[in-house]
Amino acid sequence: MILKPDKEKGGKIAQELDYVNHHMRLSDVNWERLRILVNKQYELSNQIDRDHLKIPQYLNHVNKHTFEIDDLIKLIKKTSEDLTEVERKRRADFKEYELQKKKRKREIALQEMNEEKRKEFQHKQKEFKKKKHKKHEKIHQSGNKAQLEEL
């Protein structure tokens, strides 16, 4: 049977389903295929990458039936490592946030200043950076006599 494009777009193709045996409509193979597609769609929408999933290292893969003291020790260590990493990321994010906030305040202040005050402020910033640079300890070139004496 050849279907015309307008018949396919209009949904009239569904009427042709009456000619198909009821047992053949959605077999187990089709259900499995649909289940896999739904799972893939869910993983894509939630940015889950099955190929790079992290398998918990604290689980004893040999003994799956009991949870022993060693398993608890591994779980506690892994949890504290995870918490330390979360705290490190939180601090880094907060530091970045504070820097961005400071930068926004400076930009707003510069926009509110007239041209003369802006140039004066920028000049003071350059002078401050020069002073700070001069205060920094001199770093000796590697292999230099002063660097070797320092070591």
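Please refer to the structure higher up on the page.
My aim in this report is to walk through the structure given alongside it, one point at a time. Quantities reported herein were computed from a predicted structural model and do not represent experimental measurements. Residue indices begin from 1 for each chain and proceed along its sequence in written order. With the structure being a predicted model, the display of local features is reserved for residues of pLDDT at least 70 and the display and counting of side-chain atom pairs for 80 or more, all residues being used for whole-chain, interface and lining totals. Only hydrogens and water are set aside; all other atoms, that is, all heavy atoms of the structure, feed into the side-chain values.

To continue, consider the overall build of the protein chain. Secondary structure elements follow DSSP: runs of H or I no shorter than four residues count as helices, runs of E no shorter than two count as strands, and numbering proceeds from the N terminus. In terms of regular secondary structure, the protein chain is built from five helices and zero strands. Its helices and strands in sequence order give the protein chain the pattern α-α-α-α-α, from N to C terminus. The buried share among the 151 residues of the protein chain stands at 3%. Where accessible areas are quoted, they stem from the Shrake-Rupley method and a 1.4 Å probe; at the residue level, only the protein chains shown are allowed to cover. For the protein chain, the exposed area adds up to about 15,500 Å²; of that, 55% sits on carbon and sulfur atoms. Using a 1.4 Å probe on the protein chains alone, a residue whose accessible area is under 20% of its type maximum counts as buried, one over 50% counts as exposed, and one in between counts as partly exposed.

A contiguous patch of positive charge on the surface is contributed by K102, K103, R106, K129 and K132. Elements that contribute at least two residues to the positive patch include exactly α3 (69-112) and α4 (115-135). In terms of residues, the positive patch owes the most to one element, α3, which gives three residues. Residue K102 is classed as exposed on the basis of its relative accessible area, which comes to 55%. For patch building, the residue pool is restricted to those with more than 30% relative accessible area and no salt bridge; the joining distance is 9 Å between like charges and 5 Å between nonpolar side chains (Val, Leu, Ile, Met, Phe, Trp, Tyr). For salt bridges, the criterion is a side-chain nitrogen of Lys or Arg within 4 Å of an Asp or Glu carboxyl oxygen. Positive: Lys, Arg. Negative: Asp, Glu. His and the chain ends are not part of the count. To locate a charge, the coordinates of NZ of Lys, CZ of Arg, CG of Asp or CD of Glu are taken.

Right, let's talk about the pattern of salt bridges for a bit. For the structure on display, the rule yields seven salt bridges. One salt bridge in this structure joins K78 and D82, with 3.4 Å as the shortest N-O distance. Residue K78 and its partner D82 are both found in helix α3; the two are separated by four residues, about one turn of the helix. The exposure class assigned to D82 is partly exposed, which follows from its relative accessible area of 37%. Between K101 and E98 there is a salt bridge, with the nearest N and O atoms lying 3.6 Å from each other. Here the residue K101 and the residue E98 both occupy positions in helix α3, the gap between them amounting to three residues, near one helical turn. Overall, K101 belongs to the partly exposed group, its relative accessible area being 27%.

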